[in-house]
Amino acid sequence: MTHPLLDLAPLSAAHFASIEDRVARLLSTEQDVLITQGEALLPLEGAIRGAAGPGTTALNVITGPYGQTFGDWLRDCGTTVYDLAVPFHTAVTAAQIQEAFAEHPEIDFVSLVHAEAATGNTNPVAEIGEVVRAHGALFYLDAVASIGAEPVLPDAWGVDLCVIGAQKAMGGPAGVSAVSVSSRAWARMAANPQAPRRSYLSLLDWKERWIDGGRRALLHAPAQLEMLALEACVVRIEEEGLDTVMSRHAAAAAATREGVRALGTGFEPYVYEASAAAPVATTLRTPEGVDASGLVARALAADPSLPLAAGGGALAKEMIRVNHYGPAATLDAVQSSLSALRTALTEA
């Protein structure tokens, strides 16, 4: 039998390159953009292992679980790491970054998560970028959750390595991701004897064999269905308008915070200040003595389509995530989620 997802003609190098160009336009960047054939952890780890090594001194900002992971990778590379951890219910400030540079002027690499969907906060990357640029450090940014929900501007913000994924606010596939790479980052990787080579983690392999070769021959067979899904996702954003897509996410986030207060049931935003709250997802603190994971399970049992999840790890008992991203970035999704939580709480 035939199927529209089977027996497709191979994805050409030219088609692959055209999708990269669309992603570059989405980021408003003149940097090289690579679409990597795997979930975003692939370029996130590949970029760190390519640019960091024993001679690197890194400032690793921790505003959620991914920041903790980046610190582990950096240390595994032999990098000297200074962690700057802030409470997960807030955001880091440019002043705190400045203080870290004053205390450790040898810092030459800064790793940061833009929006932490897991904790619901977002960081002021534009202001932080000014501080990092003034000190000449390489700036690495995880924008996987933020792209599509709020501005992501690597060139304007001085970001040297900016990793994005399509599975959240973009409403696309999880099986492919992308990274924009500045000329400074390429130079750092080329000078790093520990940078992965002849490896799935190697960004340098793609530069030398794909970008420097004029993007005429792919390194290996691409993930065709995921690439086509990524293209369709970017086209949909282009047709709706990126500003409109971001506005939907901002409206959903604002409605969630206001709706929670209106419920009067003891829920409250986990991230205290609205300015530090990510538009991609809103995290809620449950009323005293109410188990978040049990409450979410009860709500999802009534309607499995709701964009609800309990917090991860130690946060599973007290945090609920309203994942109003992608197709769920609507007021209807927010209203349905909050109504289900109120009903579940009443039943519990």
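Described below are features of the structure shown in this document. (Residues numbered from 1 in each chain as written. Predicted model: local features only at pLDDT ≥ 70, side-chain atom pairs only at ≥ 80, totals over all residues. Heavy atoms only, no water.)

1. Concerning the pairing of strand 2 (residues 57–62)
Move 1: Most of strand 2 sits inside the fold, with 6 of its 6 residues counted as buried.
Move 2: Here strand 2 shows a buried face lined by T57, L59 and V61 and a second buried face lined by A58, N60 and I62.
Move 3: The pairing of strand 2 with strand 3 (residues 80–85) spans 6 bridges and is parallel. Looking at strand 3, one finds that A58 is bridged to V81.
Move 4: Considered for its hand, the β-α-β crossover made up of strand 2, helix 3 (residues 65–76) and strand 3 is right-handed. (Buried < 20%, exposed > 50% of the residue type's maximum accessible area, 1.4 Å probe, protein only. Helix = DSSP H or I, 4+ residues; strand = E, 2+ residues; numbered from the N terminus. Pairing = 2+ DSSP bridges. Right-handed = clockwise from strand over helix to strand, strands pointing away.)

2. Brief notes about the side chain of S146
Move 1: Summarising the element assignment, S146 is placed in the loop between strand 7 (138–142) and helix 6 (154–157).
Move 2: Residue contacts for S146: discarding those within four places in its chain leaves H114, A115 and V152. (Contact = heavy atoms within 4.5 Å.)

3. Some remarks on the nonpolar core
Move 1: Judged by nonpolar contacts, the single largest core of 79 residues is most densely connected at I97 and L161.
Move 2: If one sorts the elements of this core by residue count, helix 1 (residues 13–26) sits on top with 7 residues.
Move 3: For I97, the contacting residues outside a window of four places in its chain are L59, V61, L84, V92, I128, V131 and V132. (Core = buried A, V, L, I, M, F, W, Y, C linked by side-chain atoms within 4.5 Å.)

4. Examining the environment of Q96
Move 1: Relative to the helices and strands, Q96 resides in helix 4 (residues 94–103).
Move 2: Using a relative accessible area of 25% as the deciding quantity, one classes Q96 as partly exposed.
Move 3: Placed 212 residues apart in sequence, Q96 and L308 show a C-alpha to C-alpha distance of 33 Å.
Move 4: When near neighbours in sequence (up to four residues on either side) are disregarded, Q96 contacts L84, V86 and A91.
Move 5: Engagement of the side chain of Q96 in a polar contact is seen with the backbone nitrogen of T93, the distance being 2.9 Å. (Polar contact = N/O pair within 3.5 Å; in protein donor to acceptor, adjacent residues only side chain to side chain.)

5. Quick look at the side chain of E20
Move 1: Relative to the assigned elements, E20 resides in helix 1.
Move 2: Judged by its relative accessible area of 1%, E20 falls in the buried class.
Move 3: Sequence-distant contacts of E20, that is, excluding residues within four places in its chain, are made with V33, L34, I35, W210 and R215.

6. Quick notes on the sheet that holds strand 12 (residues 308–310)
Move 1: A sheet is described by the order of its strands in space; here 4 strands give the open sequence 10-11-13-12, paired in antiparallel fashion. Edge positions in the sheet fall to strand 10 (268–269) and strand 12, since each of these pairs with one other strand and no more.
Move 2: In this structure, strand 11 (residues 282–285) lies alongside strand 13 (residues 319–322), joined through 4 bridges in antiparallel fashion. Residue T283 lies in a different strand from strand 13, and its bridge partner there is R321.
Move 3: In this fold helix 10 (residues 242–263) packs onto strand 10, strand 11 and strand 13, with an angle of close to 15° to the strand it touches most, strand 11.
Move 4: Of the strands in this sheet, strand 12 and strand 13 are in contact with helix 11 (residues 292–302), which crosses strand 12 at around 155°. (Axes fitted to C-alpha atoms, helices over the stretch in contact; angles between N-to-C directions.)

7. Brief notes about the pairing of strand 8 (residues 161–165)
Move 1: Most of strand 8 is tucked away, with 5 of its 5 residues classed as buried.
Move 2: What you see with strand 8 is no split at all: L161, V163 and G165 on one side and C162 and I164 on the other are buried throughout.
Move 3: Judged from the 3 bridges that link them, strand 7 and strand 8 form a sheet pairing that is parallel. Note that in strand 8 the partner of L141 across the bridge is C162.

8. Observations concerning unusual backbone geometry
Move 1: Even without being glycine, D7 reaches a positive phi, approximately 60°.
Move 2: Mapped onto the elements of the fold, D7 is located in the segment before helix 1.
Move 3: A residue is classified by how much of its surface remains accessible, and D7, at 73% relative accessible area, is exposed.
Move 4: A positive phi angle, close to 50°, is found at R198, a residue other than glycine.
Move 5: With respect to the helices, strands and loops of the structure, R198 is situated in the loop between helix 7 (183–190) and helix 8 (203–211).

9. Looking at the sheet that holds strand 2
Move 1: Here 7 strands make up an open sheet; going across it, the order is 1-9-8-7-4-2-3 and the pairing mixed. Each edge of the open sheet carries a strand with a single partner, namely strand 1 (32–36) and strand 3. This sheet shows a mean twist of 15° between the axes of neighbouring strands, independent of strand direction.
Move 2: Alignment of strand 4 (residues 109–113) against strand 7, held across 5 bridges, turns out to be parallel. Looking at the pairing, L112 lines up with L141 of strand 7.
Move 3: Sitting on the sheet, helix 4 is in contact with strand 2, strand 3 and strand 4, with an inclination near 150° to strand 2.

By themselves, these figures tell us nothing about what the structure is for.
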